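Single-letter residue listing:
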Amino acid sequence: MCRWAAYTGEAIFIEDIVALPRHSLIQQSHCATECPTAINADGFGLAWYGDRPEPGLYRDVMPAWSDPNLKSLVAQVRSPLFLAHVRASTGTATSRNNCHPFVVGRWSFMHNGQIGGYDRFRRCAEMLIPDDLYPHRRGATDSEALFLVALSEGLDTDPCGALERAVGALEALSRQKGEGPHVRLTAALSDGERLYAVRYATDDRAPSLYHRWSVSRRGRAVVSEPLETGEDWTVIPEGSFCTFSGDSVDIRPFRPTAIAAAA
């Protein structure tokens, strides 16, 4: 399982989430406490928004704790909206193209979890990606495939519905040709204006996910694990899709539905 953190609000230095807290994302890359493995050393990545619609992107295969460039970057870059991820591979190679977040146009996406038995139906999953989006298929992960299928299902106009249909399609393939647990996921995605997050599993073991509004920063962090002890972090319920905009939070049920192409 991976660990990730996202932020939306007044612009802050990225290090305020990624590097400085006692249980920062970099700390979680080697001392995670709420996932099966404490080590998340198979690469890392950042996607951040600034003055342009498309996000900046920095990814590498080194462990997050050992890359001085990462610490320098997050200490200098301010952003009002960013996604950060440390990776623990569930089977695919450690390569830059397999590191999260993934970016297409103004959209960014990152994922923690697994789709059961993905290697058994990977070819079928690839067929769900339409020709116009397939040039963006640069890696081999189930996460990138999920993102591209969601884009094809209308992420621009219906983020929750598009992701429900994409997850539903891959869940159906896992049930037909894969193995359990069929889906365990948390994911964060953004179009540069709003931050979205989802927590879902086909069993009762969805990966952990929390959020917290900071009055002093005028911003919200959404994280796999709380960044500090003694703070009021709110657990995001299983089976939820969240929209974060300003200081408001909209949480609705997340109910994946299979699409015809998965039949």
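Sequence order sets the numbering: in each chain, residues are counted from 1 along the sequence as written. Selection of residues for local features in this predicted model requires a pLDDT of at least 70, selection of side-chain atom pairs for listing and counting requires 80 or more, and totals for whole chains, interfaces and linings are taken over all residues. The side-chain values count all of the structure's non-hydrogen atoms but skip hydrogen atoms and water molecules.

### Focus: the packing of helix α4 (residues 118-126) against helix α6 (residues 159-177)
Note the cut-off: For helices, the fitted axis covers only the stretch in contact; all axes are lines through C-alpha atoms, and the angles between them, taken along N-to-C directions, range from 0 to 180 degrees. Starting at the N terminus, helices and strands are each numbered in turn, a helix being any DSSP run of H or I of at least four residues and a strand any DSSP run of E of at least two. Roughly parallel means an angle under 35 degrees; roughly antiparallel means over 145; roughly perpendicular covers 65 to 115; every other angle is labelled oblique. Should the near helix be turned anticlockwise from the far one by less than a right angle, the crossing is left-handed, and should it be turned clockwise, the crossing is right-handed. Two residues qualify as a contact provided that any one of their heavy atoms is within 4.5 Å of a heavy atom in the partner residue. Gly counts as polar in this scheme, as do all residues outside two lists: the nonpolar Ala, Val, Leu, Ile, Met, Phe, Trp, Tyr, Cys and Pro, and the charged Asp, Glu, Lys and Arg.
Contact geometry for α4 and α6: axes closest at 10 Å, N-to-C directions at 140°. One element, α4, and the other, α6, form an angle in the oblique class. Between α4 and α6 lies a crossing whose hand is right-handed. On the side of α4, the interface is formed by Arg120, Phe121, Cys124 and Ala125, while α6 contributes Leu170, Leu173, Ser174 and Lys177. For the contact of α4 with α6, the class distribution of residues is 5 nonpolar, 1 polar and 2 charged.

### Some words on empty space enclosed by the protein
Note the following rule: Within this scheme a cavity is a closed region of a 1 Å grid, computed over the protein atoms alone, that accommodates a 1.4 Å probe without allowing it to escape, whereas a pocket is open but has protein on both sides within 12 Å along at least five of seven lines; lining residues each have an atom within 4 Å of a point. Grid points are joined across faces, edges and corners, and a volume is the space filled by probe spheres set on the points.
Applying the stated criterion to the full structure yields 1 cavity of 30 Å³ or more. Every residue lining the largest cavity is listed: Val18, Leu25, Ile26, Phe44, Gly45, Leu46, Leu70, Ala84, His85 and Val86. Of all elements in the fold, only α2 (25-31), β2 (44-49) and β4 (78-86) reach the threshold of two or more residues within the lining of the largest cavity. Its residues assigned to classes, the lining of the largest cavity comprises 8 nonpolar, 2 polar and no charged.

### A look at the sheet that holds strand β5 (residues 102-104)
Heads up, the rule is: When DSSP finds two or more bridges between a pair of strands, those strands are recorded as paired.
Taken in spatial order, the 6 strands of this open sheet run β5-β6-β7-β8-β12-β13, and their pairing is antiparallel. Edge positions in the sheet fall to β5 and β13 (248-253), since each has one partner strand and no second. Taken over all neighbouring pairs, the strand axes of this sheet differ in orientation by 15° on average, direction set aside. Of the strand pairs in this sheet, strand β12 (residues 240-245) and β13 are connected by 6 bridges, and their pairing is antiparallel.

### A few points about unusual backbone geometry
We apply this condition: Type-normalised accessible area, obtained with a 1.4 Å probe on protein chains alone, sets the label of each residue: buried when under 20%, exposed when over 50%, and partly exposed for intermediate values.
Here the residue pair His100 and Pro101 is connected by a cis peptide bond, since its omega of -5° sits within 30 degrees of zero. Locating Pro101 in the fold gives a position in the loop between β4 and β5. Of the consecutive residues Gly180 and Pro181, the connecting peptide bond is found in the cis state with omega at -5°. Along the chain, Pro181 falls in the loop between α6 and β7 (183-190). One non-glycine residue, Arg218, lies in the positive phi region at around 60°. Along the chain, the position of Arg218 falls in the loop between β9 (210-214) and β10 (219-223). For Arg218, a relative accessible area of 43% gives the class partly exposed.

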